[in-house]
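# Coordinate inspection notes
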Amino acid sequence: MPAGVTVPARRELIFSFNCFAAAMLALFASFALGLERPFWAMMTVYITSQPLSGAVRSKAVFRLAGTILGAAATVILMPPLANSPVLLSLALAAWVGLCQFVSLLDRTPRSYLFLLAGYTAALIGFPSVGHPETVFDTAVLRAEEIGIGVICAAFVHAVIFPRSVTPLLAARAGTLLAEAESWIADALSLHPPARTARERRRMAADVTELHIMATHIPFDTAARRPTRALLAALRQRFALMLPLVSAIEDRMHSLGTTDGIADELAAVRALAAGEGDAADTRARCLARAQMLPLAGWDDLVRLNLLHRLAELADALEDARALTRSLAAPTAHAVTAAPAPAPAPAPAPAGAALHRDFGLAGLSALATLVATLGCCALWIATAWPEGAVAAMIAAVVCCLFSTMDDPLPAQRSFLIWTIISLPIAALYLFAILPRVTDPLLLVLVLAPVMLLIGAFMALPRWYGRALPLAIGLIGGLALTNRFAADFAGFVNGGIAQLVGVAAAMAATRLFRSLGAGVMVRRLRAAGRRDLAALRDQHAPAALARWIARMLDRVGLIAARLGDVTDDRRDEAAAALRELRLGITLAQLEGGPAGTLRADIAAHVAGQRDAAPLLARLDDAIDSAWRDRARPLLAALAGLRRNAFPDAPAWAPAHTS
């Protein structure tokens, strides 16, 4: 076994057996129905299959819906443009690019529907250019074969040792809770270990992963599934812990001592270790905040810290209760537990994730250029296999469009497609001519397909095993009438490689962005959202903003290993902006409320710092005279977040 190769275990072998069984079921069902291209159904099984049964079902539903939508679009576009190859090529390429654009903005499993609607039009439309009168029949056949493939995949994975999403989600939430408890215990030390920054970044990425996993729940095979309200509440509690603990770390670093708050810190640490009562801990922190002597800036920082500790105690207890409910889901799993302040309403799932319109546009442009480039070569040379090159270019651009830099994955796709060709040739010209019955066909295909399926179940090998499966199944092109044409096989193989090469060239030209560029784009988007938050007061708007910012923190964290050292503080800065947004939402009315718009604009780079800092200090002066402790706590946090390097505010400023 080569170094670095992971040997598939029992779970991977079961997944591979399910894939092969579903593929054979789809292939022979298509044979029995006399469909024109049964290998499409077989290929669909491998493209659709996922280790989680719920993920397979959701992907199957969206793939079938996307196929029908793409087929309908092809039937609409082809007849009026059949006599104009250039306009037809432009229309099909534009449809693929548009669908890819929408898919990249969705960022949920539903995005697969739009992706399939795009490249299905390429798969049906380009091969039908020479016979436009058959496009309707081709579209119907494509939908039928895709339908057979997804139904077989969903059925087999749900029946034979299904792997449900629900228990895996519960286990993931339990792990995330344990990570949060460990992080809290570490962060509440005056000198936290260096690993807390790494724990914070990992938790941000894990909260987004929890959200993505939860989108498969409606399709899961479990008899009792958690409610959407439970999942939204759990994600919200974990989301609020990040800025709360980050704020506490910042305040403790600012103070440099635990004087006056040591008992409260110890109580919250004990709570994180599973000891004590959350309600008592919260009451203790708030009581201490009410009695805290106020003599200067350090006391305001302590006041803010005590309020954040009280909120953290609530958030932690709520997360524990919701995690227990997730492990035993019922129709009434969400209790009326008090939410930490602020308590925004759950954000709609579709509005909770970061969207990059510019990046989606660049991806669509790369797809358009790659597809049209192959079409131009096809039209100029009258190459019989030009349609294959055009549709492969469209598919490869779409498959890897969610990556920062799709080029390495496309290069790997090219390499493994090349590797698949001699294997397909061996089968096509040496093995399959000797196959005389269906059982023998299953037996000769089993070794290689079972091996490929086992490695598809391993995340690090999926990107290599999938193109190997696609290239092999496409190269065999199994139909009811076996025919092995060497010239056609070679020509088709060259067309596949040309299509992948065109996708790589267009990607390098328009879409190959490094991790550092993506980090800058994520920070800039966060600042724009923060500026927009200044005029929004509804709890739901704050919830959407928190979810998007948390998603961006996770996206930044996932890229920190690939950026230079001078970019590694981006996650911490994004968390500071997240804390700032929550604090701004707490300021309503009076002198403090009028600062919302200007503070948000300052962080977005639209206001000068000095006059704004003076206004903020005036607001603190006013609250200081009134001894308005909750407002003072909020303003102290606002000052630390917006002006972390500013000299400390002093009571003498009021004179």
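Predicted model only: the values in this text are computed from it and were never measured.

Looking only at helices and strands, one finds 25 helices and zero strands in the protein chain. Sorting the 655 residues of the protein chain into buried and exposed places 56% on the buried side. Residue pairs at least 24 apart in sequence account for 79% of intrachain contacts in the protein chain once pairs closer than 6 positions are excluded. For the protein chain, the computed accessible surface area is about 26300 Å², with 63% contributed by carbon and sulfur atoms.

This brings us to a nonpolar patch on the surface. A surface patch of nonpolar side chains, about 290 Å² in accessible area, is lined by Leu25, Phe155 and Val159. Inspection of the secondary structure puts Leu25 in helix α1 (residues 10-33). Given a relative accessible area of 40%, Leu25 falls into the partly exposed group.

This brings us to unusual backbone geometry. Even without a glycine there, the phi angle at Ala477 is positive, about 45 degrees. Position of Ala477 relative to the elements: it lies in the loop between α17 (459-476) and α18 (486-510). Even without a glycine there, the phi angle at Arg627 is positive, about 50 degrees. Its location among the elements puts Arg627 in the loop between α24 (609-626) and α25 (629-642).

Formed by 100 residues in total, the largest nonpolar core has its most connected members in Met42, Phe126, Leu445, Met449, Ile452 and Leu478. If one sorts the elements of this core by residue count, helix α14 (residues 386-399) sits on top with 12 residues. Excluding residues that lie within four positions of it along the chain, Leu478 makes contacts with Leu27, Phe31, Pro38, Phe39, Met42, Leu432 and Leu445. Ranked by size, the runner-up nonpolar core spans 68 residues in total, among them Ala173, Ile261, Ile599 and Leu613.

Let us now look at the packing of aromatic side chains. Under the criterion given, the structure shown has 10 aromatic pairs. Where Phe28 meets Phe31, the ring centres are 5.6 Å apart and the plane angle is 70 degrees; that geometry is what we call edge-to-face. Here Phe28 pairs with Phe31, and both are found in helix α1, just three residues apart, close to one helical turn. Accessibility expressed as a relative area gives 17% for Phe31, which makes it buried. Three or more aromatic residues link up through ring pairs in this structure, and these residues are Trp416, Phe455 and Trp461. When the ring centre of Trp624 is taken as origin, the NZ or CZ atom of Arg627, which lies over that ring, is 4.5 Å away.

As a further point, take the side chain of His354. Its location among the elements puts His354 in the loop between α12 (297-327) and α13 (357-381). Setting aside residues no more than four positions away along its own chain, His354 makes contact with Arg107, Leu522, Ala525, Arg548, Asp551, Arg552 and Leu555.

This part covers the pattern of salt bridges. Applying the stated criterion across every chain, the model contains 10 salt bridges. For Arg640, the salt bridge identified is with Asp250, shortest N-O distance 2.8 Å. In this pair, Arg640 sits in helix α25 while Asp250 sits in helix α9 (residues 228-255), placing the two residues 390 residues apart along the sequence. Given the relative accessible area of 12%, Arg640 is considered buried. The partner of Arg282 in a salt bridge is Asp314, with the nearest N and O atoms 2.6 Å apart. With Arg282 in helix α11 (residues 278-291) and Asp314 in helix α12, this residue pair connects regions lying 32 residues apart in the sequence. The network of salt bridges with common partners includes Asp250, Arg251 and Arg640.

Next up on the list: the packing of helix α16 (residues 438-456) against α17. Remark: α16 packs on α17, axes separated minimally by 8 Å, with the N-to-C direction vectors making an angle of 150 degrees. Regarding the angle of α16 to α17, the classification is roughly antiparallel. Between α16 and α17 lies a crossing whose hand is left-handed. Here α16 contributes Leu445, Val448, Met449, Ile452, Phe455 and Met456 to the contact with α17, which in turn contributes Trp461, Tyr462, Ala465, Leu466, Leu468, Ala469, Leu472, Ile473 and Leu476. Of the residues contributing to the contact of α16 with α17, the split by class is 15 nonpolar, no polar and no charged.

Checked against the element boundaries, Ser182 lands in helix α7 (residues 165-187). As a C-alpha pair, Ser182 and Ala272 span 90 residues in sequence and 7.4 Å in three-dimensional space.

Let us now look at the environment of Leu115. Along the chain, the position of Leu115 falls in helix α5 (residues 111-125). Considered as a pair, Leu115 and Ser401 are 286 residues apart in the sequence and their alpha carbons are 10.0 Å apart.

It is worth spelling out the state of the cysteines at this point. Applying the stated criterion to the full structure yields zero disulfides. Residue Cys374 stays outside any disulfide, its sulfur separated by 7.1 Å from that of Cys375, the closest cysteine.

Rules and cut-offs
Residues numbered from 1 in each chain as written. Predicted model: local features only at pLDDT ≥ 70, side-chain atom pairs only at ≥ 80, totals over all residues. Heavy atoms only, no water. Helix = DSSP H or I, 4+ residues; strand = E, 2+ residues; numbered from the N terminus. Buried < 20%, exposed > 50% of the residue type's maximum accessible area, 1.4 Å probe, protein only. Contact = heavy atoms within 4.5 Å. Areas by Shrake-Rupley, 256 points an atom, 1.4 Å probe, with all protein chains shown as cover. Patch = residues over 30% accessible without salt bridge, like charges linked within 9 Å, V, L, I, M, F, W, Y side chains within 5 Å. Salt bridge = Lys/Arg side-chain N within 4 Å of Asp/Glu carboxyl O. Core = buried A, V, L, I, M, F, W, Y, C linked by side-chain atoms within 4.5 Å. Phe/Tyr/Trp six-rings, centres within 6.5 Å; stacked < 30°, edge-to-face > 60°. Lys NZ or Arg CZ within 6 Å of the ring centre and 35° of its normal. Axes fitted to C-alpha atoms, helices over the stretch in contact; angles between N-to-C directions. Parallel < 35°, antiparallel > 145°, perpendicular 65-115°, else oblique. Left-handed = near helix turned anticlockwise from the far one by under 90°. Nonpolar A, V, L, I, M, F, W, Y, C, P; charged D, E, K, R; others polar. Disulfide = S-S within 2.5 Å.

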